[in-house]
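Coordinate analysis (summary)
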Number of protein chains: 2
Amino acid sequence: MSERVITRLLEQREAILERLLTLIRFPSVSTDAAFAEGMRGAREFLLARLRAIGLEDVRLLDAPGGQPAVFGAWTGAGPDKPTIMIYGHYDVQPADPLELWHSPPFEPTIRDGRIYARGASDVKGSTTIAIETVAAFLAVEGGCPVNVKVFLEGEEEVGSPSLPALIEANRDLLAADAMLSADGGGAAGKAPVLNIGCRGIASLQFSLRTASKDAHSGKVGGALRNALHEMARLIATLHDEQGRVMVEGFEAGATPVTNALRMEAASLPLDEAAWYAQFGATPFGDPAYTVRERTTLRPTVEVNGMWGGYTGEGGKTVTPAEAHAKLTMRLVPGQDPAAAQAAVKAHLERHAPKGVALDFQYRPGGTRAYTLGADHPLRAAAAAVLRREKGGEPAVTRLGGTVPITTMFQERLGMDSLMFGLASPDEDAHAPNEFFRLSSLDEGLRLWPLLLAEIGRMRAADFRPR
Amino acid sequence: MSERVITRLLEQREAILERLLTLIRFPSVSTDAAFAEGMRGAREFLLARLRAIGLEDVRLLDAPGGQPAVFGAWTGAGPDKPTIMIYGHYDVQPADPLELWHSPPFEPTIRDGRIYARGASDVKGSTTIAIETVAAFLAVEGGCPVNVKVFLEGEEEVGSPSLPALIEANRDLLAADAMLSADGGGAAGKAPVLNIGCRGIASLQFSLRTASKDAHSGKVGGALRNALHEMARLIATLHDEQGRVMVEGFEAGATPVTNALRMEAASLPLDEAAWYAQFGATPFGDPAYTVRERTTLRPTVEVNGMWGGYTGEGGKTVTPAEAHAKLTMRLVPGQDPAAAQAAVKAHLERHAPKGVALDFQYRPGGTRAYTLGADHPLRAAAAAVLRREKGGEPAVTRLGGTVPITTMFQERLGMDSLMFGLASPDEDAHAPNEFFRLSSLDEGLRLWPLLLAEIGRMRAADFRPR
C-alpha cells in the first residue's frame, strides 16, 4: 500500500517542490511584527492546502496575544487505529544578518542539490514532507493508515509563549495517541539513527551587590569588596577544574548513566577529535564520560552571560558594586527543573560571603528532559522502517538541547513524541545561507509514508496504558 | 611681610571672587571638541591675568595634538632663593548629566556659602588662590618670597596625553626646585593635614578564548570549555577570600608597612564603621592592616570591568568562546608599574589551563607611587604653616588614588611636589552640583601667602642634593 503512495509522491515531486518553494517565499518571521503579512500568507497557504488534500475541521487555533496555529484532521481510519498528531511549524527565524546571504533569504534558490532559503531546513521542508505524505495517502488510497491531526505551530521560534493556553483551550480537539514531529530528529542520511529524547532546561539570573554604589578604585581599593571579584569567586565554585558540576543536590533524581545508557550512547559513534576540532577547542569535561554522554546524558550548569563594571573603550578606575550573571542548566531524565534551579540558588547563597547580597531573577517555567520509552510503539515503528530502509539496527541518540514541545505535549496531553524530521545538523538553521537538501526531500517522501504505514499496522490500544 | 599680603587679599576679596566666577564661566571641558571655545576663553583670561599681575614670559606652551598650557614666571627673588613651580589646571570635567544640576553648571551660583559650578572645586578655586597670592605679593611687596613659575595645564581631566612631550620640549623653561600644586591636598578645614603622596597605577586588559566560536549550550554543554567559567576561575585566583592579592612577585620592591608608616597612617584617625557605612558595605580587606593602611599603603589588583556572553534582555543559550576583563593595580612606593603588570600577566598565564588562550592588551605607561620625602623642605614649610595656623602637629596622609603629575614631574624634571589645594573631598568634583566653599577660598588666601613666605625663608641650596 505504501509503495503506491511513494510512487505517487515521486510522480508529483515537481509539484511538491513547487509548493515547498511557495511556502518558503512567505517571510513568516514570528518574532518581528513587521513580518505579520508573511505570517498571514504562510497560514493561508497552509489552510488552503490542508483543505485541498481533504482534511476535515481545517481551521486556525488561537490564544490571546499569540500566533495562530494551523489545524486539520482526518479521522477516517476509525477508532481502533491510532490517532497521530503530526507536528510542524510554519514560522522561521529572522534572516539577519542579510548581507551574509549569497542569495535572498526569502527567494529560495536551488544550487548544488540544495534549496537555499530561510526556513528551508527549519522546518518548512520536513513540514511539507509530512503534509504531502498525508495528501498522497488520501489521494491514492482514499485514506490514511492512521487517524491524523495536523498541528502546525506559528511561534516555535519565539519559545511558544501562548501554546500552553492554546492546548488547554483545545484539549479535546488535540487529543491523540502520540505525536510525530517534523521538527528535530535527523532521519536523513545513510546511517539509521533514532532520536529518542532531549535534555531539559531551567534558567536562573542573578545580580550580586557588594555596596550601595560604585566607588573610585583608588580611594577604596583594598578595603571595599569588589562585586566582580565576588562574582568570579562565586561562579568558580560551580564547577571543578574538569567542568564537573559541584552543586550539592543538583543531580537529585537524575537518571544515572548505566551500562545500558552507555551502550545506547555508543551506538552512534562520535569522532571526538573531530568534534573538538570543529570548535577550535581542546578536550574538556568529566573524564568519566564520553563526549556523547557528557552532552546528552549528563546535566550541566552553564553561565551564558556575565557582566559588571566598566566595559567600554579605554579604562575607568571603578570598584564595581554590582555584577550580573545569566545561567541555564541542562537537565537529564529524572531531574525537576524547579529543584535544579533551587539547588543552584541554594549553592550560590551558601557560597556568598557575608557582605555579598544576591538578588535572583527567576525566569518562569523550565522543561524536563524528554525520553521516548524503549517500548513505545512509535519507537518500534520507526526502528522497523529504518532497519528495512537503511540496513542494520538504528543507532539511538538524544539531543543535548531542549525541544520543549515534546515535554509540553507529554505533560499536558499525555502524548509521547517521536522526532522524525529530515533536516541535518549542518544545514545552518538559524544562520545565514540556511539550506535543505533535495535528497532529504526525496528521502522524506519515502520514509514518512513507510512510517505512517508501519504505525498503521498497530492498534490504538497499543498506545494506551494497560 | 605675609600679613600685609594677606590684608591686601582680604581687601581685594570681592574682586578676586569676581575673577574666579569669570574663570568658571568659561566652559573649559577638555575632553569634548565642542567646548574648544570655552577652552580658548579660559586660556586667554589666564594669559591676560598673568600678564596683568606682572609675570614675565607669559605664553602658551603647546605639544602637537594637545591642549596648550598657560605659563608665566617671576624670577626676581634671585638665584639664592628657591624657584617654585605653581601647578594648576584650567580644564574641567564634562557637566553631564545636566538634568541633575540644581543651577546651570557654567553659571556659578552662590548658595549657603558655596559656589556651585563645574570646575569650582576641581580646580579653578585653588588655581585662583595660587595666582592671586602671587599677584598680591607683587602688588604689595614688589616681589615674591621665592622665584615662581606658574604652569596651568589644559588636559589634566583627560590624562595629560601631551604633557610628557610638552615637558621635554620645555625642560629649561620648566626647571624649578620644587612644585606646589593647587590640585590635590586637602589643606582646607579645621584639622591640620599634610598630604604627602599617592599610590601609583598600572593597568592590564585581557581577553580569554576557549574556542574559535560561540556554540549552542545545549549541543556542547558539558564537553566544551565555557569562557565565562574559565574567566571566573582565573579572576578568583587573584585574591584570597579576605581580598589579599595572591599574585606571586606582585609586591616585589614594595615598601613594607613599617611601624613608622603605621604611626603615620594612624595620625589621621578614620572612623572605619562610618567609612563602610557611607558605601552601604561591610568591613573587608586584609585584617593585618587598618582601612587607612589598606587604601594608601598596600597595593591592590582590581577588576574594573568583566564581561562575556549574552548580556541583553531575556536569555540566550550560548556557551561563550570569549570573555574579557579590565584590571588596574594600585601601587605603593618601590613598586615598578611594568614589573607589577608583568607579575599579574605571568600569574594569569600560569593559572590558565591548557585550552584557554589569553590575549593581553597592555595600556601604555603606568605611574609609580609618589612620596614627598620626610626631610623635604616643602614638607617642613607646609607643616610649619599648618602647625601655626591650625594648632598641633599636622596629620600625615596619602591619597589612595594616583596623581600622575607628581610622578611625572619628579621623573622628568627631578622635581618634588606638595599638594596644597583647598578643595575638600565632599565637594562633588566630577559629579553634578560640584561646589567650592567660600570659606576655603578665604582660608586659601591666608595659607598660600604664609606658605610662600615660609618657603621664602629657605635657600635654593636647601632644595638641592648635597
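Quick caveat: nothing in here was measured; it's all calculated off a predicted structure.

Another point: the sheet that holds strand E18 (residues 435–437) of chain A. All names here are of chain A. Taking strand neighbours across the sheet as the criterion, the three strands line up as E4-E5-E18 in an open arrangement whose pairing is antiparallel. This sheet does not close on itself; its edge strands, each paired only once, are strand E4 (109–111) and E18. When the angles between neighbouring strand axes are averaged without regard to direction, this sheet yields 25 degrees. Relative to strand E5 (residues 114–116), E4 runs antiparallel, the two sharing three bridges. Across the sheet, residue Thr109 finds its bridge partner in E5, namely Tyr116. Its contacts with the sheet put helix H2 (residues 13–25) on E4 and E5, and the angle it makes with E5 is roughly 20 degrees.

Listed per partner, the contact involves 72 residues of chain A and 72 residues of chain B. Both sides of the chain A and chain B interface together cover about 5,200 Å² of buried area, and 56% of this is carbon and sulfur. Summed over the shared surface of chain A and chain B, the result is zero salt bridges. Our count for the chain A to chain B interface comes out at 30 residue pairs in polar contact (both at pLDDT 80 or more). The element contributing the most residues to the side of chain A that touches chain B is strand E11 (residues 300–309) of chain A, with ten residues. Looking at the side of chain A that touches chain B, its residues break down into 24 nonpolar, 31 polar and 17 charged. Bridge analysis of E11(A) against strand E11 (residues 300–309) of chain B gives five bridges, and the strand direction is antiparallel. Its bridge partner being in E11(B), Trp307(A) is matched across the sheet by Trp307(B).

Let's shift gears to the side chain of Glu302(A). By the secondary structure assignment, Glu302(A) is in strand E11. For Glu302(A), which is buried and forms no salt bridge, the nearest opposite charge comes from Arg199(A), at a distance of 7.0 Å. For Glu302(A), the side chain forms a polar contact with the side chain of Asn226(B), separated by 2.9 Å. A polar atom in the side chain of Glu302(A) sits 3.0 Å from the side chain of Thr319(B). Sequence-distant contacts of Glu302(A), that is, excluding residues within four places in its chain, are made with Lys326(A), Leu327(A), Thr328(A), Ser217(B), Gly221(B), Gly222(B), Asn226(B), His229(B) and Thr319(B).

To continue, consider the packing of aromatic side chains. Applying the stated criterion across every chain yields a total of 20 aromatic pairs over all chains. Note on Phe206(B) and Phe360(B): the rings are 5.7 Å apart at their centroids and 35 degrees apart in plane angle, and the pair reads as tilted. Taken together, the residues Phe206(B) in strand E9 (residues 200–209) and Phe360(B) in strand E14 (residues 357–362) connect sequence positions 154 residues apart. Classification of Phe206(B) as buried rests on a relative accessible area of 0%. Through a chain of ring-to-ring contacts, the aromatic side chains of Tyr87(A), Phe151(A) and Phe409(A) assemble into a single cluster. One residue, Arg111(B), lies across the ring of Tyr116(B), its end atom 4.1 Å from the ring centre. Taking NZ or CZ as reference, Arg114(B) lies 4.0 Å from the ring centre of Phe435(B), over its face.

Moving on, we come to the relation of the copies chain A and chain B. Note on the identical chains: chain A maps onto chain B by a rotation of 180 degrees and an axial translation of 0.1 Å, with an RMSD of 0.1 Å. Such a combination of turn and shift is consistent with a two-fold rotation axis. A shared interface surface links the copies, since 100% of the contact residues of chain A are contact residues in chain B too.

Before going further, it helps to examine the UniProt feature "domain: Peptidase M20 dimerisation" (unreviewed entry) in chain A. Feature annotation in UniProt assigns "domain: Peptidase M20 dimerisation" (unreviewed entry) to the following positions: residues 204–355 of chain A. Spanning residues 204–355 of chain A, this segment combines 33% helix with 20% strand, and its end C-alpha atoms are found 21 Å apart.

What follows is about the pattern of salt bridges. This structure, assessed with the given rule, holds 66 salt bridges over all chains. A salt bridge links Glu248(B) to Arg350(B); the shortest N-O distance between them is 3.9 Å. You can see Glu248(B) sitting in the loop between helix H8 (227–236) and helix H9 (259–266) and its partner Arg350(B) sitting in helix H12 (residues 337–351), a full 102 residues away along the chain. A relative accessible area of 46% places Arg350(B) in the partly exposed class. Three or more residues joined by partner-sharing salt bridges are found here, namely Glu3(A), Glu389(A) and Arg446(A).

Let's shift gears to the sheet that holds E14(B). A sheet is described by the order of its strands in space; here eight strands give the open sequence E14(A)-E9(A)-E13(A)-E11(A)-E11(B)-E13(B)-E9(B)-E14(B), paired in antiparallel fashion. Because the sheet does not close on itself, it has two edges, and the strands there are strand E14 (357–362) of chain A together with E14 of chain B. Each strand of the sheet is rotated relative to its neighbour by a mean of 25 degrees, with strand direction disregarded. Against the sheet, helix H12 (residues 337–351) of chain A contacts strand E9 (200–209), E11, strand E13 (322–331) and E14 of chain A, and its axis sits at roughly 25 degrees relative to E9(A). Its contacts with the sheet place H8(B) against E11 of chain A together with E9, E11, strand E13 (322–331) and E14 of chain B, and it is angled at close to 60 degrees to E11(A).

Turning next to helix H8 (residues 227–236) of chain A. Given 3.6 residues to a turn, an α-helix orients residues that are three or four positions apart in the same direction. Residues and elements named next belong to chain A. Of all ten residues in H8, nine are buried, a share of seventy percent or more. Residues Ala227, Leu228, His229, Glu230, Met231, Ala232, Leu234, Ile235 and Ala236 constitute the buried set of H8. Where H8 begins, the side chain of Asn226 points an oxygen toward the backbone nitrogen of Leu228, at a separation of 2.8 Å.

Below, the discussion takes up unusual backbone geometry. For the bond running from Asp122(A) to Val123(A), omega is 0 degrees, close enough to zero to count as cis. One non-glycine residue, Asp57(B), lies in the positive phi region at around 60 degrees. By the element assignment, Asp57(B) lies in strand E1 (residues 56–61). Phi at Asp428(B) takes a positive value of approximately 55 degrees, unusual for a residue other than glycine.

For the rest of this paragraph, the subject is the domain arrangement of chain A. Residues and elements named next belong to chain A. Looking at chain A, the domain boundaries give domain 1 (2–198 + 369–463) and domain 2 (200–254 + 299–362). For domain 1 and domain 2, the distance between their C-alpha centres works out to 39 Å. Contacts between domain 1 and domain 2 engage seven residues on the former and six residues on the latter. Counting each side, the surface lost to burial between domain 1 and domain 2 is near 430 Å², with a carbon and sulfur contribution of 55%. Run the count over domain 1 and domain 2 and you get two residue pairs in polar contact (both at pLDDT 80 or more). Split by residue class, the side of domain 1 that touches domain 2 holds two nonpolar, four polar and one charged.

Okay, the packing of helix H13 (residues 377–390) of chain B against helix H15 (residues 438–456) of chain B next. Residues and elements named next belong to chain B. Relative orientation of the contacting elements H13 and H15 amounts to 135 degrees, with a least axis distance of 9 Å. Between H13 and H15, the angle is such that the two are oblique. Remark: the crossing between H13 and H15 carries right-handed chirality. Packed against H13, whose contacting residues are Leu378, Ala381, Ala382, Ala384, Val385, Arg388, Glu389 and Lys390, the element H15 presents Glu443, Arg446, Leu447, Leu450, Leu451, Glu454 and Ile455 at the interface. When its residues are assigned to classes, the contact of H13 with H15 shows nine nonpolar, no polar and six charged.

What follows covers the environment of Thr402(B). All names here are of chain B. Here Thr402 is to be found in the loop between strand E16 (395–399) and helix H14 (404–413). Separated by 72 residues in the primary sequence, Thr402 and Arg330 have C-alpha atoms spaced 8.1 Å apart. Each residue touching Thr402, except ones within four places of it in the same chain, is listed here: Cys198, Arg199, Gly200, Ile201, Arg330 and Thr367. For Thr402, the side chain forms a polar contact with the main-chain oxygen of Arg199, separated by 2.9 Å.

As for its placement among the helices and strands, Thr311(A) is situated in the loop between E11 and strand E12 (318–319). Look at Thr311(A) and you get partly exposed, because its relative accessible area is 37%. Once residues within four sequence positions are removed from consideration, Thr311(A) is found in contact with Met306(B), Trp307(B) and Lys326(B).

A few words now on the packing of H2(A) against helix H15 (residues 438–456) of chain A. Residue and element names in this part refer to chain A. With their axes 12 Å apart at the nearest point, H2 and H15 run at an angle of 115 degrees to one another. Along this stretch, H2 crosses H15, giving a crossing that reads as right-handed. Touching Arg13, Ile16 and Leu17 of H2 are Leu438, Leu441, Asp442 and Leu445, all from H15. Classifying every residue of the contact of H2 with H15 gives five nonpolar, no polar and two charged.

About the cut-offs
- Residues numbered from 1 in each chain as written.
- Chains lettered and ligands numbered in written order.
- Predicted model: local features only at pLDDT ≥ 70, side-chain atom pairs only at ≥ 80, totals over all residues.
- Heavy atoms only, no water.
- Pairing = 2+ DSSP bridges.
- Helix = DSSP H or I, 4+ residues; strand = E, 2+ residues; numbered from the N terminus.
- Axes fitted to C-alpha atoms, helices over the stretch in contact; angles between N-to-C directions.
- Contact = heavy atoms within 4.5 Å.
- Buried area = accessible area lost by both parts, 1.4 Å probe.
- Salt bridge = Lys/Arg side-chain N within 4 Å of Asp/Glu carboxyl O.
- Polar contact = N/O pair within 3.5 Å; in protein donor to acceptor, adjacent residues only side chain to side chain.
- Nonpolar A, V, L, I, M, F, W, Y, C, P; charged D, E, K, R; others polar.
- Buried < 20%, exposed > 50% of the residue type's maximum accessible area, 1.4 Å probe, protein only.
- Lys, Arg positive; Asp, Glu negative; His and termini not counted.
- Phe/Tyr/Trp six-rings, centres within 6.5 Å; stacked < 30°, edge-to-face > 60°.
- Lys NZ or Arg CZ within 6 Å of the ring centre and 35° of its normal.
- Least-squares fit on C-alpha atoms with pLDDT ≥ 70 in both.
- UniProt positions renumbered as here; feature names shortened; annotations may be inferred.
- Domains from an automatic or database assignment.
- Parallel < 35°, antiparallel > 145°, perpendicular 65-115°, else oblique.
- Left-handed = near helix turned anticlockwise from the far one by under 90°.

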